[in-house]
Every structure is written in structure tokens, then in C-alpha cells.
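Commentary on secondary and tertiary structure
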Amino acid sequence: MKATVWIDTFQVLIMFAGLIAVAIKGTLDIPGGFTELIRRADRSGRIEFFDFNPNPFVRHTFWTLFFGGFLTNLTVYGSNQGTIQRYLTVKNWQNASKALMINLIGGVFLLTLTCFCGLVAYAKYYECDILGSGIIKRGEQLLPYLVMDILGKLHGLPGLFVATIYSAALSTISGGMNSLAAVCITDFVKPIYLITKGHALNEKKAAYITKGLALLFGLGAIGLAYLCQFFGNTVLQLALSIFGLLGGPLLGVITLGMFFKKANWVGALTGLIVSTIANIWLGIEGVLYSKPTGLKPVSTAGCNFTAFPVTQPPLTTVPAMEEDL
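What comes next concerns the included structure. (Residues numbered from 1 in each chain as written. Predicted model: local features only at pLDDT ≥ 70, side-chain atom pairs only at ≥ 80, totals over all residues. Heavy atoms only, no water.)

Section: the overall build of the chain
Each helix and strand counted, the chain has ten helices and two strands in total. Taken from N to C terminus, the helices and strands of the chain fall in the order α-α-α-α-α-α-α-α-α-α-β-β. Buried residues in the chain amount to 26% of all 325 residues. Put simply, of all contacts in the chain between residues at least 6 apart along the chain, 68% involve residues at least 24 apart. Element-wise, carbon and sulfur atoms account for 72% of the exposed surface of the chain, whose accessible area totals about 21,100 Å². (Helix = DSSP H or I, 4+ residues; strand = E, 2+ residues; numbered from the N terminus. Buried < 20%, exposed > 50% of the residue type's maximum accessible area, 1.4 Å probe, protein only. Contact = heavy atoms within 4.5 Å. Areas by Shrake-Rupley, 256 points an atom, 1.4 Å probe, with all protein chains shown as cover.)

Encoded structure:
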């Protein structure tokens, strides 16, 4: 696990380097620089800090982001197996607290960078929505298109961006596969082996089984990544939805065990199963019947359609796709 933590640290540095390169070069390529970037984003209503709309069905408001973000991060840092395993790699809880504070600073910086790169992309193509005009087909293609547009002529920088993407993926997958394998062998394989064989599983066999489980989960992750192309929502939105559906009940069980001494395993397991089923039902209903609201208008009036392959006729103004949000 310590090797995974050190690898993640190196990969995070690559992620920051790639995003900073995109942010700086993209800003410099906009006539007027940073001031014009902020002006374009603000004029289109894409910079909103204090939207106190109490409607819970509006995706991005102060309240939905505050409470949703709080509960999501509480689940990540309070009940997620991968995070807890990282806590256990340090000597004491004081060091774990310091690591959390460092993570807080880095997380805020990373979130700010990604949001700023989104503003760079909008300001760069504010007169030519490349998604609505058909130049790209999915929202996930926006940032790679921006990178090749502004960094394509600079040797090595597009490769740095590719390394950024792979680093982000590998830093998540490596820890996740390790955590899943550890949970499976501890909670399922070893108890079953003890019951069936009458003695404990030795460490050598356990190591081989753990590696096999990690490989199996890795192949499953690759398969799920392939299936993501068939979903209408963005990968990030889909991942957060699944995490909320499954992570919320887990957080509830852990909270139950922390604050209620009379709770037993029957009640905890029953609550976990019922809440998970209810959440999955709500998630499926949301996917089937949700309608995007509050989308910002975009324009294709400035598109040069002779320079790009277009898959549909040009429009003067088109509604933003949900992937853009």
C-alpha cells in the first residue's frame, strides 16, 4: 500500500503540471488574456458563486453543492476503504490528520484548476460551440480538443496532457484495486477457507490470491470503462452518481456503529440492503426521467465550418448539452 501512495504522489504532480500548462497557454491564446476570459465567462452567466435557489432539483446551486459536496466528501474520507487504507500507512492519527490537511489544500487547488480550464475552453470557443456544431461528439472530447488546439505545435506538451489523464486514472484505479482485493480476501476468502479447510490461509497463498483478485477487478474496471461510451451522461457525472448511490448507505452504517451502541449487525445489514435498493431505484428513475434544466446558451455563429469536419448543419444558437455543465 505504501508503494501505491508514493506512486499516487508522483502521478498527482504530473496531473498538476498538465493542467497548469493548459490553463496558462489557453489564457495566453485568448485576445485580452485573463481579463477577457473572465469577462466572457461572466457575461454568459457561467460564473455563479451565490445561487441560493432552494429547489433541490436544480443541479448546481449553493445548497446542492454545499450539502452534496459535504456528504460526498464525508463518504470519501470517512468510510471509503481506499482512503482508510491510506490512513493506516502512517504511524499515528496525527500524521493522518496532517495528510488530510495537505489533501484539502491540494484538492481545492486541483478543483480550481479544472474549473479554470473549463472557463478557458468556453472563452476559447465562445463564438463556436464545438459540441453543438458537431466538431466533437461528446463533452469528454472538449478538453483533449482544446489541448491539441493550443498545445499541438509544442513538442512534448500534448504528451504531458496524455500523461495527466493516465495519471489521474491510474492513481484512482491502483488504490481501488488494492482496496477491493484486500477487502475480499479478508472478509470473504479467509473466513471461507478457514471453514472449509479447518485451518487458516497461509500468507504465500493469500498473496497470490490477492494479486489474482486485483487483476480480476482491473479487468472489470476496463470493461466498465468501455461501457461508459454508451451512456448519455459524462463519465464524471456517472461516477459521482454511482458513488452516491452505493457510498451513502455505507456511510450510514458506519455512522450507526459510531454513535449508537445498541445497534446490531441484523439492523445494520437490513438498513444497508434497504437503503441501497432505494438509492438504486432513485438513481435509475433519475437517469430515465431526468430533464436538463438551467442550461446556458451557446453560439456557433463564429464557427468556420470549412476548417473542421461537421456532422450536422451549423446552427446560429444551440442549447448547451448536459455534458457541458
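Some details on the packing of helix 5 (residues 93–124) against helix 6 (residues 142–151)
In contact at an axis separation of 11 Å, helix 5 and helix 6 are set at 70° when each is read in the N-to-C sense. Here helix 6 runs roughly perpendicular to helix 5, going by the angle between their axes. For the pair helix 5 and helix 6, the sense of crossing is left-handed. In contact with Cys-117, Val-120, Ala-121 and Lys-124 of helix 5, helix 6 contributes Leu-142, Leu-146, Asp-149 and Ile-150. Tallied by class, residues from the contact of helix 5 with helix 6 come to six nonpolar, no polar and two charged. (Axes fitted to C-alpha atoms, helices over the stretch in contact; angles between N-to-C directions. Parallel < 35°, antiparallel > 145°, perpendicular 65-115°, else oblique. Left-handed = near helix turned anticlockwise from the far one by under 90°. Nonpolar A, V, L, I, M, F, W, Y, C, P; charged D, E, K, R; others polar.)

Examining the pattern of salt bridges
The tally for this structure, following the rule as stated, stands at three salt bridges. One salt bridge in this structure joins Lys-25 and Asp-29, with 2.9 Å as the shortest N-O distance. Here Lys-25 and its partner Asp-29 are both found in helix 1 (residues 2–29), four residues apart, which amounts to about one turn of the helix. Take Lys-25: its relative accessible area is 23%, and that puts it in the partly exposed class. What makes Asp-29 partly exposed here is its relative accessible area of 30%. Among the ionic contacts, a cluster of salt bridges with common partners joins Glu-36, Arg-39 and Arg-40. (Salt bridge = Lys/Arg side-chain N within 4 Å of Asp/Glu carboxyl O.)

Digging into the packing of aromatic side chains
Evaluation of the coordinates by the stated rule reveals eleven aromatic pairs. With a centroid separation of 5.1 Å and an interplanar angle of 85°, the aromatic rings of Phe-66 and Phe-67 are classed as edge-to-face. Taking the relative accessible area as the measure of exposure, Phe-67 reaches 45% and is therefore partly exposed. One aromatic cluster is present, built from ring pairs that chain together Phe-49, Phe-50, Phe-52, Phe-62, Trp-63, Phe-66 and Phe-67. (Phe/Tyr/Trp six-rings, centres within 6.5 Å; stacked < 30°, edge-to-face > 60°.)

Side note on the nonpolar core
Judged by nonpolar contacts, the single largest core of 26 residues is most densely connected at Val-22, Leu-37, Ile-130 and Leu-146. Per-element tally for this core: the top contributor is helix 5, with seven residues. Once residues lying within four places of it in the same chain are set aside, the contact partners of Leu-37 are Thr-27, Ile-30, Phe-116, Leu-119, Val-120 and Ala-123. In this structure, Cys-184, Tyr-193, Leu-201 and Ala-206 belong to the second largest nonpolar core, which totals seven residues. (Core = buried A, V, L, I, M, F, W, Y, C linked by side-chain atoms within 4.5 Å.)

Details of a nonpolar patch on the surface
A surface patch of nonpolar side chains, about 720 Å² in accessible area, is lined by Phe-49, Phe-50, Phe-52, Trp-63, Phe-66 and Phe-67. If you trace the backbone, Phe-67 turns up in helix 3 (residues 62–78). (Patch = residues over 30% accessible without salt bridge, like charges linked within 9 Å, V, L, I, M, F, W, Y side chains within 5 Å.)

Here we look at the side chain of Thr-27
By the secondary structure assignment, Thr-27 is in helix 1. Residue classification places Thr-27 among the buried residues on the basis of a relative accessible area of 11%. Excluding residues that lie within four positions of it along the chain, Thr-27 makes contacts with Gly-33, Phe-34, Leu-37, Phe-116 and Val-120.

Let's talk about the side chain of Thr-75
On the secondary structure map, Thr-75 appears in helix 3. Residue classification places Thr-75 among the buried residues on the basis of a relative accessible area of 6%. Once residues lying within four places of it in the same chain are set aside, the contact partners of Thr-75 are Asn-80, Phe-243, Gly-247 and Leu-251.

A word on helix 6
Among all positions in helix 6, only Leu-146, Val-147, Ile-150 and Leu-151 are buried. The buried residues of helix 6 all sit within an arc of 100° when viewed along its axis, so they share a single face. (Arc of directions from axis to C-beta.)

Some words on the state of the cysteines
Tallying each qualifying case throughout the model produces zero disulfides. Cys-115 takes part in no disulfide bond, and the closest cysteine sulfur to it belongs to Cys-117, at a distance of 9.4 Å. By relative accessible area, Cys-115 is classed as partly exposed at 47%. (Disulfide = S-S within 2.5 Å.)

With respect to the packing of helix 2 (residues 33–43) against helix 5
In contact at an axis separation of 9 Å, helix 2 and helix 5 are set at 85° when each is read in the N-to-C sense. Taken together, the axis directions place helix 2 and helix 5 in an arrangement best described as roughly perpendicular. Where helix 2 approaches helix 5, its residues Phe-34, Leu-37, Arg-40 and Ala-41 are matched on the opposing element by Phe-116, Leu-119, Val-120, Tyr-122 and Ala-123. Class assignment for the residues of the contact of helix 2 with helix 5 results in eight nonpolar, no polar and one charged.

On their own, these measurements won't tell you what the molecule is for.
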